[in-house]
Amino acid sequence: MAADIWILAEQRQGKLLPVSFELLTRGAAVAAKRGGRLHAVVFGHNLAEAELQKLIDCGADRVLAAEAPELAEFDLEACAAVLLDLIRAEKPEILIAAATTTGRALLPYTAMTARAGLTADCTELDIEEGSGLLLQTRPAIGGNIMATIKCPRHRPQMATVRPHSTKPATAQPGRRGEITRVRPEPARLVSRIRRTGFKPLAEKDGIQDAKRLVVVGRGIKKPETLVLARALADALGAALGASREVVDRGWLPYPHQIGLSGKTVTPELYVGLGVSGSIQHLAGMQTAQTIVAVNTDPEAQIFKVADFGIVGSLFDIVPALIQSLQDPQAKKSVLEQKLAKGTK
Amino acid sequence: MRILVPVKQVPDTRTVRMDEKTGTVIRDGVAAIINPLDLYAIEAALLLKESCGAETVALSMGPPQAERALREALAMGIDRAVLVSDRAYAGSDTWATAWILAAAARRLGEFDLILCGERATDGDTGQVGPELAAALGLPVLTHVNHVTPDGAGGFQAGRLVETGEELLAGTLPALLTVVKEIAEPRLPTLNGKIRARRETIPVWGQKELQLDPASIGLEGSPTRVVKIFRPKIARQCRLVFGGDERKTAAAVNELAAFLQSRASA
Ligand SMILES: Cc1cc2nc3c(=O)[nH]c(=O)nc-3n(C[C@H](O)[C@H](O)[C@H](O)COP(=O)(O)OP(=O)(O)OC[C@H]3O[C@@H](n4cnc5c(N)ncnc54)[C@H](O)[C@@H]3O)c2cc1C
Ligand SMILES: Nc1ncnc2c1ncn2[C@@H]1O[C@H](COP(=O)(O)O)[C@@H](O)[C@H]1O
C-alpha cells in the first residue's frame, strides 16, 4: 500500500495562506522519496472550488476539506476533534503542519490523543533510506546544535515545519486531483472557548511575514536613533525588528523582539544594526536567507553567521547607505555633507 | 481558585558554550535555572492570587536538583510545590513528559487554571502545554498575553497570533500557555526566600504515580533522537572595514551593490 502523506493547509477568510504552499513543497519531496500520495487537509467553511484546486495545481493529489461554520476560523478543540477523526479513519503515515501559532497549538493537542510522536519547528525533512521513516531535523539549544529525530513505531509521524524555511510550490497548470469535502458530526464541533474579537496588528509590525528586516540592537544607543533604522527600513521596504536589549529598555515593544524569547524569523534579508549576535538572538534569525551586519566590533558574533559585514559605526554607515540606495549618483556628496555635520 | 504552574529547570543558555572541536554543547559548569519563560506563568498566577484569591501550586518533572527551580517559585510567592522525579522518567520526550505531568496534576486534585510557559528555552518545543491539556481533557489557549477570570466560572483572554491579537472567552478549567507580555516577573523577597528554604517539597515517583512503563521514559516516548550535529555554517562573511570617509564610502558602495545583487537574484 502506498503511503499517505498529509499536509495541513491553513486558510483565513477562505483564502489559503502562503505557508500552505511551502508545506506542499515539503510534502511533495517526502511523497516522492517515500513513494506515496500527497493529501492536503484544510479546515474551513464553504471553501471555493477554485481555491482548493490551487492546492492540486501546486502538487496535492487529493484535497480533504472538512467544512462547517464552526471551522470557518481556527478553533482548536473543533479542529483537533475533526483531525483526530480523519486520522483514525484514513491512517496517514505522515502529517506535516506549519510551525505557526495554529500548527504549534493544534498538532501537540492532537498528537497527545493520537499517541503520535511530534517534532517541533523542523527546518529539514527527509526520508531514511531503507526504513522509509521520516527524518525530522530541527535546531535545539538556541540553534547551537541540530537534532535529527525520527518516530519508529507510532503513526502518524508528525512534524511542524518552520515557516519560510522553504520555497512555496509553484502551480503546474492542468494538474489533476481529487477534492473530497467532509462535513463533521455536530457533536465533534463543540468548543469550550470561543472567539469574541480580533485586533489586527498594524501592517508594519508584522515581522514574521516580512521578506526583509532591519533589526536594531543596543548599538543604536538611544530610542531617538530609531529614526535612522526606520529610514533604512523604508528604503529597503523592510519591517523593523529588535534584540531583547532594545525591547527590555522599552525602545520598541515586544512584538518586535527576535530570538529565543521572541519571534523566530526567516526573512530573505536580515540587516542587523548594532546587534552583537548572542546565541539567544541567533536562535531566532540564523535561518534567514541573507544576513548583513553593521557593528563596530570586528569580533562580534553576528559576523560569524553573516554573508556581508561592515565593521564600522552604524551612525556613519546607515545614512550613507540610505543615500546610496535611494540615489546612487548623489551618494558621494550627501555622504560628505552628513560627515561634515558629524552624524554620530 | 486553584492554579497549577508546571515549571521546568533548564541550563542557563547565557553560559552554554560550544566545544568548537567536537561540535558538542559543553554542559559542565553550566548553571541550571528556572525556564525564563515560566517566570511569566508564575507571575500571572501570583497576580490572579492577589486579585481573586487562589491557591498556587508549582509542579516540575526533572532530576532531584530541579527542586531548586521549585524553591525559586516558592520564593516568588507560590504556595506549594511538588517535584516529580524518578529514574524511570529519564529520557521522556514531550509526549511522555505531558503524560507524567498529567498523572501528577490529577493526584494534586482539581485545578481551575493551569499556566505554562510558552516554551522551554532548552528543548524549545512549546508542545508540553497543549499536550498536557489534551491529556487532562482540558481546553487550551497558547500564546496568551492577558487573562481575566469573571468570577463565575468563565474567563476572558487574549492570544497573540501572527497577524494580531485574538480575543477569546472560555470556561474554566482550562490550560493556558503565556507569553512575556502577560506580566513582568517579580523578584523573590527576603521573606519569600526564607520561607522557600524551609518548605518541604514532596518528591513523587513511580511509587506514587504507578504509571505504565510503556508510557514513560524512553520506552514511552514516540520520538527518538537519531543524530545531533553542529549546524554547518555555509556562510562566508565578506567583511569590509569602515573608518575614515573614504573607507566608509567604499564599504557602503560595496554593501549597496551586494544588496542590489541579492534583490535581483
Ligand atoms: C533566557 C534568555 C532569553 C533571551 N532571549 C533573547 C531573545 O529572544 N532575543 C534577543 O535578542 N536576546 C535574547 N536574550 C538576550 C541576549 O543574551 C543578549 O543579551 C542580547 O541579544 C543582546 O542584544 P544586543 O545585541 O542588542 O546588545 P549587545 O550584546 O549589548 O550588543 C550591542 C552591539 O552593538 C555594537 N555597537 C555599539 N555601538 C555601535 C555603533 N555605533 N555602530 C554599530 N555597532 C555598534 C557593539 O559592538 C555590540 O556588538 C536572552 C537572554 C536570555 C538569558
Ligand atoms: N519537565 C517539566 N516539568 C514541568 N513543566 C514542564 C516540563 N517540561 C515542560 N514543562 C512546561 O511546558 C512548557 C513548555 O515546554 P516545552 O514544550 O518543553 O517547550 C514549559 O514552559 C513548562 O511550563
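As the structure is a computational prediction, the values presented were derived from the model and not from experiment.

Quick notes on the rules
- Residues numbered from 1 in each chain as written.
- Chains lettered and ligands numbered in written order.
- Predicted model: local features only at pLDDT ≥ 70, side-chain atom pairs only at ≥ 80, totals over all residues.
- Heavy atoms only, no water.
- Phe/Tyr/Trp six-rings, centres within 6.5 Å; stacked < 30°, edge-to-face > 60°.
- Helix = DSSP H or I, 4+ residues; strand = E, 2+ residues; numbered from the N terminus.
- Buried < 20%, exposed > 50% of the residue type's maximum accessible area, 1.4 Å probe, protein only.
- Pairing = 2+ DSSP bridges.
- Axes fitted to C-alpha atoms, helices over the stretch in contact; angles between N-to-C directions.
- Contact = heavy atoms within 4.5 Å.
- Domains from an automatic or database assignment.
- Buried area = accessible area lost by both parts, 1.4 Å probe.
- Salt bridge = Lys/Arg side-chain N within 4 Å of Asp/Glu carboxyl O.
- Polar contact = N/O pair within 3.5 Å; in protein donor to acceptor, adjacent residues only side chain to side chain.
- Nonpolar A, V, L, I, M, F, W, Y, C, P; charged D, E, K, R; others polar.

K.L.:
Give me the packing of aromatic side chains: which residues, what numbers.
P.N.:
All told, the structure shown has two aromatic pairs over all chains when counted by the stated rule. Ring geometry for F308 of chain A versus F258 of chain B: centroids 4.9 Å apart, planes at 35 degrees, classification tilted. With F308 of chain A in strand β18 (residues 308–311) and F258 of chain B in helix α7 (residues 245–264), this pair bridges two chains. Each member of the pair, F308 of chain A as well as F258 of chain B, carries the same accessibility label: buried. Taking the centre distance of 5.1 Å and the plane angle of 15 degrees together, the rings of W95 of chain B and W99 of chain B count as stacked. Of this pair, W95 of chain B and W99 of chain B both sit in helix α3 (residues 94–107), separated by four residues, roughly a single helical turn. On the basis of relative accessible area, W95 of chain B is assigned to the buried category, the value being 3%. The partly exposed category is assigned to W99 of chain B, whose relative accessible area is 32%.

K.L.:
Give me the sheet that holds strand β9 (residues 134–140) of chain A: which residues, what numbers.
P.N.:
Strand order in the open sheet made by the four strands is β8(A)-β9(A)-β10(A)-β14(B), with antiparallel pairing throughout. Each edge of the open sheet is held by one strand with a lone partner, namely β8 (124–127) of chain A together with β14 (224–229) of chain B. In this sheet, adjacent strand axes meet at a mean angle of 25 degrees when their direction is disregarded. Direction of pairing for strand β10 (residues 145–150) of chain A relative to β14 of chain B: antiparallel, over a ladder of five bridges. Paired with M146 of chain A across the two strands is F229 of chain B, which belongs to β14 of chain B. Helix α1 (residues 18–34) of chain A contacts β8 and β9 of chain A of the sheet and is inclined by roughly 15 degrees relative to β8 of chain A.

K.L.:
Give a detailed account of the domain arrangement of chain B, specifying residues and quantitative values.
P.N.:
For chain B, the domain assignment lists domain 1 (2–215) and domain 2 (235–265). Placing a centre on the C-alpha atoms of domain 1 of chain B and another on those of domain 2 of chain B gives a separation of 46 Å.

K.L.:
Residue-level account of the interface of chain A and chain B, with values.
P.N.:
With 90 residues of chain A in contact, the opposing surface of chain B contributes 84 residues. Roughly 7600 Å² is buried in total at the junction of chain A and chain B, and carbon and sulfur atoms are behind 61% of that figure. The interface formed by chain A and chain B holds four salt bridges in total. A salt bridge links R153 of chain A to E219 of chain B, with the shortest nitrogen-to-oxygen separation between them at 3.7 Å. Summed over the shared surface of chain A and chain B, the result is 32 residue pairs in polar contact (both at pLDDT 80 or more). No other element matches the eight residues that strand β13 (residues 193–200) of chain A contributes to the side of chain A that touches chain B. Across the side of chain A that touches chain B, the residue classes break down as 45 nonpolar, 26 polar and 19 charged.

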